[in-house]
Amino acid sequence: MTADPTTGPVAEFRSGLREIMPLAAGVVIYGLAFGVLASQALMGGLETGAMGSLVFAGAAQIVAVERAVAGAGALAALVAGIALNLRLVLVTASIRAFFTDRPWWQVALGAHFSTDENWAMTVAARKAGRDVGYWHLIGGGAGLFAAWLCSTVAGVMFASAIPEPRALGIDFAFTAAFILIARTLWQGRQDLLPWGTSIAVVALALWSGALDPSWALILGGVAGAVIAGIAGDD
Amino acid sequence: MTDIWVIILGLAVGTFAARLGGILLGQRLPVTGGWARALSALPGTLIVALVAGQVFQGEWPEWIAGGLAAMAAILTRSLVLTMALGIIAVYVLRQYA
């Protein structure tokens, strides 16, 4: 197997790394923007680098740090970030066959390197009939990891050059980015009722003054998901 | 600053647990039914709730800029264009607020 240069772990890793490059370029833009946000949370290169490598989940990092910047407590920021990452259970469950009979460190590495982007890449390659698996996923994950770590740390270093985010409208950058993320998460008309529920719950919670914004967001998100579970059908 | 480390380490543990949990629980996770639908709907509903919270807490410049950014997102699906339009709109509108 390994004697054949077109198959085997190394070739699979390399093809995964090569094929993730267009997506890694997009991650760099996100990462730079995250770095600017992190600097508003008074995070330095060390904190940003530690978070990028230990958490390695873009959207959840953005949400948690955005909550921290907004003045939410650590608990609310943490709950919001973890709630957003619960979907990763479904991501790794769908590729659990990649991990059978592997040593523990490969299972841990593969788990940590599983993201939406390289998961989608490897699953799409398999649907196209290619015999790729674990090392293809790891190759893509390695590319994304490097892109995310470098761009977020670069972003936080570069951010000190920007004087006052609100005066330039840059505080709105992530609201706009989240609007685009929402657009990419829209799956069709079955999302209408859950999303409407989320918005209504947040509006009620904020305008009634019953909850602070971070808990309003968690309550709204969970309420929408519950509605999707109850009212939808497969 | 300790708050930041609580968030970093807590999020690291929670995220790794979710990733490893999928591998370990595997077949025991539902792929259809209410729980599966709720879990797969959660990212979208959380993001929408987040955007709603941010926009509602602002004033009319944020409401209009949010609407323009939503239009850009729907029509172009481009991250760069959506962010650019949102930032420029909120910057210009705040001059009049």
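Counting restarts for each chain: residues are numbered from 1 in the order of the written sequence. Numbering of ligands from 1 and lettering of chains from A proceed in the order in which they are written. This being a predicted model, a pLDDT of at least 70 is required before a residue's local features are given, and a value of 80 or more before pairs of side-chain atoms are given or counted; all residues contribute to the totals for chains, interfaces and linings. Hydrogens and water are ignored here; the side-chain numbers use all heavy atoms of the structure.

### Some remarks on the nonpolar core
- For our purposes a nonpolar core is just a set of buried Ala, Val, Leu, Ile, Met, Phe, Trp, Tyr and Cys residues, chained together by side-chain atoms within 4.5 Å. Working definition: with a 1.4 Å probe on protein chains only, accessible area under 20% of the residue-type maximum means buried, over 50% means exposed, and in between means partly exposed. If you look at the biggest cluster of nonpolar residues, it comprises 78 residues, and the most contacted ones within it are A:Phe34, A:Met43, A:Met51, A:Phe99 and A:Phe178.
- Going along the chain from the N terminus, every DSSP run of H or I of four or more residues is numbered as a helix, and every run of E of two or more is numbered as a strand. In terms of residues, this core owes the most to one element, helix 2 (residues 34–57) of chain B, which gives 10 residues.
- Those residues within four positions of A:Met51 in sequence are excluded, and the remaining contacts are A:Phe34, A:Met43, A:Phe56, A:Gln61, A:Val65, B:Ile7, B:Ile8 and B:Leu11.
- Core analysis: the next-biggest nonpolar cluster, separate from the first, contains 6 residues, A:Val91, A:Ala93, B:Ala18 and B:Leu29 among them. The contact criterion used is simple: two residues touch if any of their non-hydrogen atoms lie within 4.5 Å.

### Describing the packing of helix 13 (residues 213–231) of chain A against helix 2 of chain B
- As a packed pair, helix 13 of chain A and helix 2 of chain B sit with axes 6 Å apart at the nearest point and diverge in direction by 145°. Handedness of the crossing formed by helix 13 of chain A with helix 2 of chain B: right-handed. Only B:Gly34, B:Arg37, B:Ala38, B:Ala41, B:Leu42, B:Thr45, B:Leu46, B:Ala49, B:Leu50 and B:Gln57 of helix 2 of chain B make contact with helix 13 of chain A, whose side of the interface consists of A:Pro213, A:Leu217, A:Ile218, A:Gly220, A:Gly221, A:Val222, A:Gly224, A:Ala225, A:Ala228, A:Gly229 and A:Ile230.
- Taken together, the residues that form the contact of helix 13 of chain A with helix 2 of chain B break down as 13 nonpolar, 7 polar and 1 charged. A fitted line through C-alpha atoms serves as each axis, taken over the contacting stretch for helices, and the angle formed by two N-to-C directions is quoted from 0 to 180°. Left-handed describes a crossing whose near helix is turned anticlockwise from the far helix through less than a right angle; right-handed describes the clockwise counterpart. Charged means Asp, Glu, Lys or Arg here, nonpolar means Ala, Val, Leu, Ile, Met, Phe, Trp, Tyr, Cys or Pro, and polar covers whatever is left, Gly included.

### Here's the deal with the domain arrangement of chain B
- Where each domain starts and ends follows an automatic or database-derived domain assignment. What the domain assignment lists for chain B is domain 1 (1–30) and domain 2 (32–97).
- Computed from C-alpha atoms alone, the centre-to-centre distance between domain 1 of chain B and domain 2 of chain B is 27 Å.

### Regarding empty space enclosed by the protein
- The definitions used throughout rest on a 1 Å grid laid over the protein atoms alone, on which a cavity is an enclosed set of points accommodating a 1.4 Å probe that cannot get out and a pocket is an open set flanked by protein within 12 Å on both sides along at least five of seven lines; lining residues are those having an atom within 4 Å of a point. Grid points are joined across faces, edges and corners, and a volume is the space filled by probe spheres set on the points. Evaluated as defined, the whole model comprises 2 cavities of 30 Å³ or more.
- There is about 40 Å³ of room inside the largest cavity.
- Lining the largest cavity are A:Ile29, A:Tyr30, A:Ala33, A:Phe174, A:Ala177, B:Leu79 and B:Met83.
- Ranked by residue count, the leading element in the lining of the largest cavity is helix 2 (residues 21–40) of chain A, at 3 residues.
- Of the residues belonging to the lining of the largest cavity, the class tally is 7 nonpolar, no polar and no charged.
- What the second largest cavity holds in volume is close to 30 Å³.

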